[in-house]
Amino acid sequence: MSQYTQQPQFPQAPTPAAQARNGLGTAALILGIIGALSGLIPFFFWLAGILGVIALIMGLAGRGRAKRGGATNKGVALAGAILGLISLIMSVVGAVILFKAVDDAVKDIDKATSGSSASKEPGDGSAKGSGKDKGKNQGKGGSAGSDTSKDAETLEAGDSAVYDDKLTVTMSAPEAYSPGEYAIGHTKGNKAYKVTVVIDNAGKEKFDAALVTAEARAGKDGVKAEQIFDEEVGEVFTGTVMPGKKATAVYAFDTPADAENLVVEISPDFFHDASQWELKL
């Protein structure tokens, strides 16, 4: 028997390989895709920018890890970094588009509301209280020393309401009117008066006259004066008034027989304040 006992030999187990750490590259790819999709919507430019920065950083870090052998998804990490860069670019473009759209919207609102207020431009006085001089003061721009106070003050016959966008509305003195046999809006026993309204567009933009409305009240109690429609009066403003052009319409209103005044309110459209004329009958 041998002096030394031989120990049995067992095969040595192989050392397990280090587990690949692919998390950075995978996360970079996912965030890059979400960022790029967010960049397609200008409103989400901020989200695309944030995700783009994170994806770019994580993608570059993941690519570096793959080079050192700590990860096996070098291509995925590179794709994530590229998508992150694309997200950043789309974020900048989206911000420019959104800010420009907001700026254009603000300019449109300013433009639409620039003609809202009106100032008074007195006529030459020849139409006030006459009730007979039809249209004598139509379209007259007033004389020197015009009152520039806002339309808190009621205008009189021949006066003009001048808006900030150079739209001018002028009303003549009232003239007694005899409605036709088949007139609508006239009550037997009442009196009827007609006025001529002239719109002068001295601005740079066209004006939609189809939105012009007219209302009236008569007498000391301010009862509603119905508008009269017949074969001669009742045509409203229509179409578009181009810059440098005028449009004219004749309105007739039904008033109580004892009314001594007629208040006519003209509203050009949604963007211009209504103006009132107090007319002596």
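Our subject is the structure listed above.
Quick caveat, the model's predicted, so the values are computed rather than measured.

The rules we used
Residues numbered from 1 in each chain as written. Predicted model: local features only at pLDDT ≥ 70, side-chain atom pairs only at ≥ 80, totals over all residues. Heavy atoms only, no water. Phe/Tyr/Trp six-rings, centres within 6.5 Å; stacked < 30°, edge-to-face > 60°. Helix = DSSP H or I, 4+ residues; strand = E, 2+ residues; numbered from the N terminus. Buried < 20%, exposed > 50% of the residue type's maximum accessible area, 1.4 Å probe, protein only. Pairing = 2+ DSSP bridges. Expected span 1.5 Å × (residues − 1). Axes fitted to C-alpha atoms, helices over the stretch in contact; angles between N-to-C directions. Parallel < 35°, antiparallel > 145°, perpendicular 65-115°, else oblique. Left-handed = near helix turned anticlockwise from the far one by under 90°. Contact = heavy atoms within 4.5 Å. Nonpolar A, V, L, I, M, F, W, Y, C, P; charged D, E, K, R; others polar. Lys, Arg positive; Asp, Glu negative; His and termini not counted. Salt bridge = Lys/Arg side-chain N within 4 Å of Asp/Glu carboxyl O. Polar contact = N/O pair within 3.5 Å; in protein donor to acceptor, adjacent residues only side chain to side chain. Core = buried A, V, L, I, M, F, W, Y, C linked by side-chain atoms within 4.5 Å. Patch = residues over 30% accessible without salt bridge, like charges linked within 9 Å, V, L, I, M, F, W, Y side chains within 5 Å. Areas by Shrake-Rupley, 256 points an atom, 1.4 Å probe, with all protein chains shown as cover.

Caption draft 1: Region of interest: the packing of aromatic side chains. For the structure shown, the criterion picks out five aromatic pairs. Ring geometry for Phe237 against Tyr251: centres 6.3 Å apart, planes inclined by 50 degrees, an arrangement best described as tilted. Taken together, the residues span a long stretch of sequence, with Phe237 in the loop between strand E8 (223-224) and strand E9 (240-241) and Tyr251 in strand E10 (residues 246-255) at a distance of 14 residues. When its relative accessible area of 1% is taken as the criterion, Tyr251 is described as buried. The structure contains a cluster of three or more aromatic residues connected by ring pairs, namely Phe43, Phe44 and Trp46.

Caption draft 2: Layout of the pairing of strand E12 (residues 275-280). The alternating pattern of E12 places Ser275, Trp277 and Leu279 on a buried face and Gln276, Glu278 and Lys280 on a face that is not buried. Relative to E12, strand E11 (residues 261-267) runs antiparallel, the two being bridged by six bridges. Following the sheet pairing, Leu262 is matched in E12 by Leu279.

Caption draft 3: Geometry of unusual backbone geometry. The residue Lys166 is not glycine, and still its phi comes out positive at about 70 degrees. For Lys166, the location among the structural elements is in the loop between strand E2 (160-163) and strand E3 (167-171). Assessed through its relative accessible area of 51%, Lys166 is described here as exposed.

Caption draft 4: Examining helix H2 (residues 45-67) more closely. Under the 1.5 Å per step criterion, the end-to-end length of H2 is 33 Å for 23 residues, consistent within 8% with the ideal 33 Å. Turning to H2, its buried residues number three or more, namely Phe45, Ala48, Gly49, Leu51, Gly52, Ala55, Met58, Gly59, Gly62, Arg65 and Ala66. One or two residues past the end of H2 sits Gly69, with phi positive at roughly 90 degrees.

Caption draft 5: A look at the sheet that holds E12. Strand order in the open sheet made by the four strands is E8-E7-E11-E12, with antiparallel pairing throughout. Taken across any chain shown, the strands that pair with only one partner, and hence form the sheet edges, are E8 and E12.

Caption draft 6: The packing of helix H1 (residues 23-39) against H2, seen in detail. H2 packs onto H1 with a crossing angle of 155 degrees between their chain directions and a minimal axis gap of 8 Å. The angle between the axes of H1 and H2 places the two elements in the roughly antiparallel class. In terms of crossing hand, the pair formed by H1 and H2 is left-handed. For the pair H1 and H2, contact is made by Leu24, Gly25, Ala27, Ala28, Leu31, Gly32, Ile34, Gly35, Ser38 and Gly39 and by Leu47, Ala48, Leu51, Ile54, Ala55, Met58, Gly59, Ala61, Gly62 and Arg65, respectively. Here the residues of the contact of H1 with H2 sort into 12 nonpolar, seven polar and one charged.

Caption draft 7: Region of interest: the side chain of Arg65. Structurally, the position occupied by Arg65 is in helix H2. Of the buried charged residues, Arg65 lacks a salt bridge, with Asp104 as the closest side chain of opposite charge at 45 Å. At 3.4 Å, the side chain of Arg65 forms a polar contact with the backbone oxygen of Arg21. In this structure Arg65 touches Arg21, Leu24, Gly70 and Ala71, once residues within four positions along its chain are discounted.

Caption draft 8: Summary view of the nonpolar core. Counting residues in hydrophobic clusters, the biggest one holds 31 residues, and the most contacted among them are Met171, Phe237, Tyr251, Phe253, Val264, Ile266 and Trp277. Looking at this core, the elements with two or more residues in it are E2, E3, strand E5 (191-201), strand E7 (213-218), E10, E11 and E12. Those residues in contact with Met171 that lie beyond four places of it in its chain are Ala157, Gly158, Asp159, Val195, Thr196, Val197, Val264, Ile266, Trp277 and Leu279. Formed by six residues, the second largest nonpolar core is a distinct cluster that contains Tyr177, Ala183, Val233 and Ala252.

Caption draft 9: Local environment of a nonpolar patch on the surface. Nonpolar side chains collect at one region of the surface, where Ile33, Leu37, Leu40, Ile41, Phe43, Phe44, Trp46, Ile50 and Ile54 lie side by side and expose about 870 Å² of accessible area between them. For the nonpolar patch, the secondary-structure elements that each account for two or more residues are H1 and H2. Here the element with the most residues in the nonpolar patch is H2; it accounts for three residues. Using a relative accessible area of 40% as the deciding quantity, one classes Ile33 as partly exposed.

Caption draft 10: Focus on the pairing of E7. Of the two faces of E7, the one lined by Ala214, Ala216 and Ala218 is fully buried and the one lined by Thr213, Glu215 and Arg217 carries no buried residue. The pairing of E7 with E11 spans six bridges and is antiparallel. The partner of Arg217 across the bridge, within E11, is Val263. Sheet topology note: the E7/E8 ladder contains two bridges and is antiparallel. In the strand pairing of E8, Ala218 is matched with Val223.

Caption draft 11: Seen up close, the side chain of Asn201. Counting through the fold element by element, Asn201 comes out in strand E5. Setting aside residues up to four positions removed in sequence, Asn201 forms contacts with Lys166, Leu167, Lys206, Phe207, Val241, Met242, Pro243, Gly244 and Lys245.

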